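Structural features, examined
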Amino acid sequence: MSPTAVPPSPVLSLPALNAAGEDAFVALLDGVYEHSPWIARRAFAARPAEGFASLAALKHALATVVREAALDEQLGLIRAHPELAGKAMIAKSLTAESTHEQRTAGLTACTPEEFARLQQLNADYNARFGWPFILAVRGPRGDGLSRQQIIDTFARRLNAHPDIERAECLRNIHRIAEIRLNDKFGVEPQLGNQVWDWAESLARFSDPGFAENGQLTVLYLTPAHRAVAAQLADWMRECGFDEVGIDAVGNVVGVYHGEDHGQPGEAPRLLTGSHYDTVRNGGKYDGRLGILVPMACVRELHRAGRRLKHGIEVVGFSEEEGQRYKATFLGSSALVGRFDPAWLDQADADGVVLRDLMRDAGLPATMDAIEALRRDPARYLGFVEVHIEQGPVLNELDLPLGIVTSINGSIRYVGEVRGLASHAGTTPMDRRRDAAAAVAELILYVEDRAGAVPEVVGTVGQLQVPNGSINVIPGRCRFSLDLRATTDAARDALDADVRARLAQICERRGLSFTLERTEAAAAAPSDAHWQSRWERAVNALGLPVHRMPSGAGHDAMKLHQAMPQAMLFQRGLNLGISHNPLEAISNDDTELCVRAFQALLDDL
């Protein structure tokens, strides 16, 4: 971006804004929300007596005004925005802020083909929704999306439900406002940029068959996986970690010593980290965020020449996703002494035995070496983990951070219902033994039963009719079950009810079934003291505390078996989608996440 591309804007201070009267307050925030001074006026009316504690608090207050506004006011805000590369841009009648943003994204330099495509998308979008397409074109890092990224996002969102798309427009308006506020206050999220850049750089490593298509896949001990580990180790050394290594299962371990290192009665360490493997065609931040955020904290401590009383140990866990072998949480299991020796004899889809793979990667592949990785809980304060939320809750609340109260316990099954395959035309409806209809009935029961209890979920994610035909009543139907809850008691109650209903359905329909349990993970409630530390850290940023369960499993579940644990969630963009290339974070949210981690460290 050239210096002339930056619109002239005075640097505003929070004390000056807090000292301003209503009209001055509104004037100082002019242009943050396009042609909508009512937002600043209502935020002023809701301003705390002592003023806004931080820029993050101001951003949240403005977003809350919009979220609580009437539908027609929200639509008015959306319609106050210009089309991308639209008539207002051509006529040069955009606001200074919009002109700057569209220029930054290169929309003033479209090729004829790109311009024609954008005009068609604008017309189709307006015809479908009745308002202009809104996208924060300066992007998640603030330095601009490419024209192709803009066009691809435009085309994707054209197919959304109107309610979802309206909410997505508002979230993009808040992102636009956030970047404009950063400009006004002269703020740059440098720590957030660093983490974002690290994650982007790691994403250049991907497994064959995916890398060629621009997809991110890093499975256990592939060349890409080993390259990620080597890169993390190099960065840890650059950050100033005192000890860096790759252990017997491929975990990347960095230690930053406390001030009393090597002395008698040395203070216990804080353990933190997450995983660096990915699902197939996954996102850049799942797991990796929890490695990179504490790395940034250690880098800042080292730069300042600071030592804390307690040492910090950051672990990039080598495997969590269970994508290549049936050995989910392989990396963190080793640290709590739960590595199953039978895993070493497993073969992947290509027949590669885990033990042989580990040896080829230069790892010892012996249980003695793996058992030596077990951590002594007495040497640790506890385990904390930062993670992208992987869901829509924080997005919908316009909150960058959330406090995890518990990681859900889960039970998984694969099952099959057996009936009788027969002719679809000649078999009367009251004489059918339809296996797929029985599973369909079970799916609806799971939906109703889980939906009736707070913080309980149930999913049938796989369905298959073997050798099915369009004119044959299904004689077999295979399915999966995934049952989760914040407590083991709630999970087990759901499990018992679902199994009982499956038996009732099959008995009534004259069918048989098999059900094989493939996984059972206990719930992992957050330690109350560590959860409180996260809450204080979030409060220190001027943000409200939102407590929430984690429906997804995390390495913290394994460490929970050995020491107290607690997690912090960071909001994901794009409706909170995860395990998907659309998984995204912003530099501003990540800055807050790093600052919260720093506050937690200082609180120790």
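Above this note sits the structure.
Residues numbered from 1 in each chain as written. Predicted model: local features only at pLDDT ≥ 70, side-chain atom pairs only at ≥ 80, totals over all residues. Heavy atoms only, no water.

**Regarding the overall build of the chain**
The number of helices and strands found in the chain is 22 helices and 16 strands. Against the globule reference of 25 Å for 604 residues, the chain gives a C-alpha radius of gyration of 27 Å, in line with a compact fold. Expressed along its principal axes, the backbone C-alpha trace of the chain runs to roughly 80 × 75 × 50 Å. Across the 604 residues in the chain, those meeting the buried criterion constitute 54%. (Helix = DSSP H or I, 4+ residues; strand = E, 2+ residues; numbered from the N terminus. Rg over C-alpha atoms; globule rule 2.2 N^0.38 Å. Buried < 20%, exposed > 50% of the residue type's maximum accessible area, 1.4 Å probe, protein only.)

**What to know about the pattern of salt bridges**
A complete count under the given rule lists 44 salt bridges for this structure. Ionic pairing is found between Arg180 and Glu34, a salt bridge with its closest N-O pair at 2.9 Å. Remark: Glu34 occurs in the loop between helix H2 (22–28) and helix H3 (37–45) and Arg180 occurs in helix H10 (residues 162–185); sequence separation between them is 146 residues. One salt bridge connects Arg375 with Glu313, and the closest N-O pair in it is separated by 2.8 Å. With Arg375 in the loop between helix H16 (367–371) and strand E5 (380–388) and Glu313 in strand E4 (residues 312–317), the pair connects residues that are 62 residues apart, well separated along the chain. By relative accessible area, Arg375 is classed as buried at 14%. In this structure Glu313 comes out as buried when scored by relative accessible area, which is 2%. By sharing partners, the salt bridges in this structure join Lys59, Arg175, Glu178 and Asp588 into a single network. (Salt bridge = Lys/Arg side-chain N within 4 Å of Asp/Glu carboxyl O.)

**With respect to the packing of helix H8 (residues 112–129) against helix H9 (residues 147–157)**
Axis separation between H8 and H9 bottoms out at 10 Å; the angle between their running directions is 25°. Regarding the angle of H8 to H9, the classification is roughly parallel. By crossing handedness, the relation of H8 to H9 is classed as left-handed. Taken together, the residues of H9 that come into contact with H8 (itself represented by Glu114, Arg117, Leu118, Leu121, Asn122, Tyr125 and Phe129) are Arg147, Ile150, Ile151, Phe154, Ala155 and Arg157. Counted by class, the contact of H8 with H9 contains eight nonpolar, one polar and four charged residues. (Axes fitted to C-alpha atoms, helices over the stretch in contact; angles between N-to-C directions. Parallel < 35°, antiparallel > 145°, perpendicular 65-115°, else oblique. Left-handed = near helix turned anticlockwise from the far one by under 90°. Contact = heavy atoms within 4.5 Å. Nonpolar A, V, L, I, M, F, W, Y, C, P; charged D, E, K, R; others polar.)

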